[in-house]
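Residue strings, one per chain:
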Amino acid sequence: MTPRQSNRRLVPAYLATGGRARPSRNTLDRLSLLHSAGMPITSEVRPEERRILELLQPGALSLAEVAAHLKLPVSVVKVLVADLVDAGRLFARVPIPEAEQFDRQILERVLDGLRSLKS
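Figured I'd write up the structure that's included with this text. (Residues numbered from 1 in each chain as written. Predicted model: local features only at pLDDT ≥ 70, side-chain atom pairs only at ≥ 80, totals over all residues. Heavy atoms only, no water.)

1. Here's the deal with a nonpolar patch on the surface
- A surface patch of nonpolar side chains, amounting to about 420 Å² of accessible area, comprises I106, V110, L114 and L117.
- Take V110: it is sitting in helix α5 (residues 104–118).
- Owing to a relative accessible area of 48%, V110 belongs among the partly exposed residues under this scheme. (Patch = residues over 30% accessible without salt bridge, like charges linked within 9 Å, V, L, I, M, F, W, Y side chains within 5 Å. Areas by Shrake-Rupley, 256 points an atom, 1.4 Å probe, with all protein chains shown as cover. Salt bridge = Lys/Arg side-chain N within 4 Å of Asp/Glu carboxyl O. Helix = DSSP H or I, 4+ residues; strand = E, 2+ residues; numbered from the N terminus. Buried < 20%, exposed > 50% of the residue type's maximum accessible area, 1.4 Å probe, protein only.)

Structure (structure tokens):
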């Protein structure tokens, strides 16, 4: 067996989702930050979902990072994560839109201005 063959999935990725191609929620993005709700992993959790929950036990990861660790397409992981969020096992936070992010240069100018007032 070559190294390339040993990394191949034995089961097609779409079977992990039960053949579904769309998540139950459209709020998930590849940059969505995922973290575990801290619920115990029970026998009702499917193997792929178990792997996601185990990955998130040490701390939060983005959806894209989880997909990379699992070697699954982001679209498949979105479906699995949506199921886990719906079941209350995961929390997902959408990324902060670029328009709402702080401009570091402006903040530094404000800080410099405040420092000059103090002197």
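The rest of the description comes next.
2. Topic: the nonpolar core
- Residues I52, L56, V66, V77, V81 and L90 are the most contacted members of the largest nonpolar core, which totals 20 residues.
- Listing elements by their share of this core, those giving two or more residues are α2 (47–56), α3 (63–70) and α4 (74–86).
- The biggest single contributor to this core is α4, with seven residues.
- Leaving out residues up to four positions away in the same chain, V77 has contacts with L63, V66, A67 and L72. (Core = buried A, V, L, I, M, F, W, Y, C linked by side-chain atoms within 4.5 Å. Contact = heavy atoms within 4.5 Å.)

3. A closer look at the packing of α2 against α4
- Axis separation between α2 and α4 bottoms out at 10 Å; the angle between their running directions is 80°. Relative to α4, α2 is oriented roughly perpendicular. Contacts between α2 and α4 involve E48, E49, I52 and L53 on the former and, on the latter, L80, V81, D83 and L84.
- Class assignment of the residues belonging to the contact of α2 with α4 gives a composition of five nonpolar, no polar and three charged. (Axes fitted to C-alpha atoms, helices over the stretch in contact; angles between N-to-C directions. Parallel < 35°, antiparallel > 145°, perpendicular 65-115°, else oblique. Nonpolar A, V, L, I, M, F, W, Y, C, P; charged D, E, K, R; others polar.)

4. Re empty space enclosed by the protein
- Within this structure, the stated rule accounts for one cavity of 30 Å³ or more.
- Its volume calculated, the largest cavity comes out at about 30 Å³.
- As for the largest cavity, its lining consists of S36, M39, P40, I41, L53 and R89.
- Residue composition of the lining of the largest cavity, by class: four nonpolar, one polar and one charged. (1 Å grid on protein atoms, 1.4 Å probe; cavity = no way out; pocket = protein on both sides within 12 Å on 5 of 7 lines; lining within 4 Å. Points joined across faces, edges and corners; volume = space filled by probe spheres on them.)

5. A closer look at the pairing of strand β1 (residues 33–36)
- In this sheet, strand β2 (residues 61–62) lies alongside β1 in antiparallel orientation, the contact comprising two bridges. When the bridges of β2 are listed, L34 appears paired with L61.
- Judged from the four bridges that link them, β1 and strand β3 (residues 90–93) form a sheet pairing that is antiparallel. Along β3, the bridge assignment pairs H35 with F91. (Pairing = 2+ DSSP bridges.)

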